[in-house]
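# Descriptive analysis of the structure
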Amino acid sequence: MTNWEPIDRARLRARPLPVHAPGTDKNDRGGVFIVGGSVLVPGALRLTAEAAFRVGAGKVRIATVASAALALGMAMPEAAVIALPEDEDGEIAREAAQILNNDVARCGTLVLGPAMSDSDQIVPLVASLLREPRPDLSIVLDAAAVSCASELAEVVGRHQGRVILTPHHGEMARLKNCSTTAVENDAEEIAQDIVAQFNAVVVLKSDETFIATASSSLDRYASDCVGLATGGSGDVLAGAIGGLLSRGTAPRTAAGWGVWLHGEAGRALSSKIGAIGFLAREISGDLPRLMQG
């Protein structure tokens, strides 16, 4: 069994978040650029964007399929929205990379993949957006952007540990080309194998979430909150981690805080609403209070 350390208040106090003094403006708190969404789930990026704001990001830009962009912008007036070409399946089209490259070149944090489905378009899109490593760019790869990335290890590795992969067990099985059962039975070792292969931080999500980095130990957060197993919950987590990165938080610290905040918000909602039945859109409301706690 691999050594792991629990993610709890004591561990988080040892890895504090950046402090923003009075007079800090929104640019000082950083910006998040979120790319994802589809016609099937046109509002999902609202969850990601709101979580980024709730953990302290100063600015958020969203890029999604054109047919969803206007409605998403009206639902999330705090964020700028970019309309992208879409393919016949309602997913972001491959040619969108030409539109997005300039925005990626200017952003400090990129969250790529929430609410996107696996398709032939994703690998070239991810490869294009990650092709220029920068020491001031941090990246979260989520959902389909993770599960399709098996051939992108070299591209991801060039970012030297500034990429965070956030697969659940099914996505990890596709990334690792193994069964979901194999991931369930060997989660710690598989997470560390992917770290070695991709030179990235890995957040392997489940009721027992492991955060693996290039160091020999893992961080572990165990949740008894079954209510977090709901549609959109992962979109919230990706946004929370991205928002923390935008403030200047180191990748491992951002991952640990994001996982803990997400899990503890679920526990709070379980107490207020019930063990199951609360919505992913309700998770972000508790994040600012928990950061202060």
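The rules behind these values
Residues numbered from 1 in each chain as written. Predicted model: local features only at pLDDT ≥ 70, side-chain atom pairs only at ≥ 80, totals over all residues. Heavy atoms only, no water. Phe/Tyr/Trp six-rings, centres within 6.5 Å; stacked < 30°, edge-to-face > 60°. Helix = DSSP H or I, 4+ residues; strand = E, 2+ residues; numbered from the N terminus. Buried < 20%, exposed > 50% of the residue type's maximum accessible area, 1.4 Å probe, protein only. Lys NZ or Arg CZ within 6 Å of the ring centre and 35° of its normal. Axes fitted to C-alpha atoms, helices over the stretch in contact; angles between N-to-C directions. Parallel < 35°, antiparallel > 145°, perpendicular 65-115°, else oblique. Left-handed = near helix turned anticlockwise from the far one by under 90°. Contact = heavy atoms within 4.5 Å. Nonpolar A, V, L, I, M, F, W, Y, C, P; charged D, E, K, R; others polar. Core = buried A, V, L, I, M, F, W, Y, C linked by side-chain atoms within 4.5 Å. Pairing = 2+ DSSP bridges.

## Comments concerning the packing of aromatic side chains
- Applying the stated criterion across every chain yields a total of one aromatic pair.
- Aromatic pair Trp257 and Trp260: ring centres 6.2 Å apart, planes at 80°, arrangement edge-to-face. In this pair, Trp257 and Trp260 are both assigned in helix α12 (residues 251-272), three residues apart and thus about one turn of the helix distant.
- In this structure Trp257 comes out as buried when scored by relative accessible area, which is 7%.
- For Trp260, a relative accessible area of 5% puts it in the buried group.
- Directly above the aromatic system of Trp4 lies the positively charged group of Arg220, at a separation of 4.2 Å from the ring centroid.

## Observations regarding the packing of helix α4 (residues 96-106) against helix α5 (residues 122-129)
- The interhelical angle for the contact between α4 and α5, taken along N-to-C directions, is 30°, at an axis separation of 9 Å. Viewed along their axes, α4 and α5 adopt a mutual orientation that is roughly parallel. Crossing geometry of α4 relative to α5 is assigned as right-handed. Facing α4, whose interface residues are Ala97, Leu100, Asn101 and Val104, α5 presents Leu125, Ser128 and Leu129.
- For the contact of α4 with α5, the residue count by class is five nonpolar, two polar and no charged.

## What to know about the packing of helix α8 (residues 169-176) against helix α10 (residues 187-198)
- Running from amino to carboxyl end, α8 crosses α10 at an angle of 50°, the nearest separation of the two axes being 11 Å. The orientation of α8 with respect to α10, classified from their angle, is oblique. When you trace α8 past α10, the crossing you get is left-handed. Contacts between α8 and α10 involve His169, Met172, Leu175 and Lys176 from the first element and Ala187, Ile190, Ala191, Asp193, Ile194 and Phe198 from the second.
- When grouped by side-chain class, the residues that make up the contact of α8 with α10 number seven nonpolar, one polar and two charged.

## Description of the nonpolar core
- Among the nonpolar cores identified, the biggest contains 52 residues, and Leu110, Leu130, Leu141 and Leu165 are the most heavily contacted of them.
- Sorting elements by how many residues they give to this core places α10 first, with six residues.
- Those residues in contact with Leu141, other than ones at most four positions away along the chain, are Leu112, Val126, Leu130, Val146, Val156, Val163, Ile164, Leu165 and Thr166.
- Ile7, Leu45, Ala49 and Leu245 belong to the second largest nonpolar core, which has 47 residues in total.

## Comments concerning the pairing of strand β8 (residues 201-204)
- The alternating pattern of β8 places Val201 and Val203 and Val202 and Leu204 on opposite faces, both of which are buried.
- Where strand β7 (residues 163-166) meets β8, two bridges bridge the pair, whose relative direction is parallel. Its bridge partner lying in β8, Ile164 is registered against Val201.
- Here β8 hands over to strand β9 (residues 208-212) after three residues, the two strands then running antiparallel side by side.

## Side note on unusual backbone geometry
- Positioned with a positive phi, Gln160 is a non-glycine residue whose angle comes to about 55°.
- Checked against the element boundaries, Gln160 lands in the loop between α7 (153-157) and β7.
- The phi dihedral of Asn177 is positive, around 60°, even though this residue is not glycine.
- Relative to the assigned elements, Asn177 resides in the loop between α8 and α9 (180-185).

## Quick notes on the sheet that holds β9
- As summarised here, the arrangement of the ten strands in space is β1-β10-β9-β8-β7-β6-β5-β2-β3-β4, forming an open sheet in which the pairing is mixed. Of all strands in the sheet, those bounded by a partner on one side alone are β1 (4-6) and β4 (80-84). Here the average twist between neighbouring strands, direction ignored, is 20°.
- In terms of strand pairing, β8 meets β9 through three bridges, oriented antiparallel. In the strand pairing of β9, Val203 is matched with Ile211.
- Against the sheet, helix α2 (residues 44-54) touches β2 (31-35), β3 (59-65) and β5 (109-112), its axis set at about 170° to β3.

## Focus on the pairing of β7
- Across the two faces of β7 the burial is the same, with Val163 and Leu165 and Ile164 and Thr166 all buried.
- Sheet analysis places strand β6 (residues 138-142) next to β7, joined by four bridges and oriented parallel. Its bridge partner lying in β7, Asp142 is registered against Thr166.

## Side note on α4
- Taken residue by residue, α4 has Ala96, Ala97, Leu100, Asn101, Asp103 and Val104 as its buried positions.
- At its buried positions, α4 is contacted by β2, β3, β4, β5 and α5.

## Some words on α2
- With eight of eleven residues buried, α2 lies mostly within the body of the structure.
- Listed in full, the buried residues belonging to α2 are Ala44, Leu45, Leu47, Thr48, Ala49, Glu50, Ala51 and Ala52.
- A positive phi of about 115° marks Gly56, the residue just after α2.

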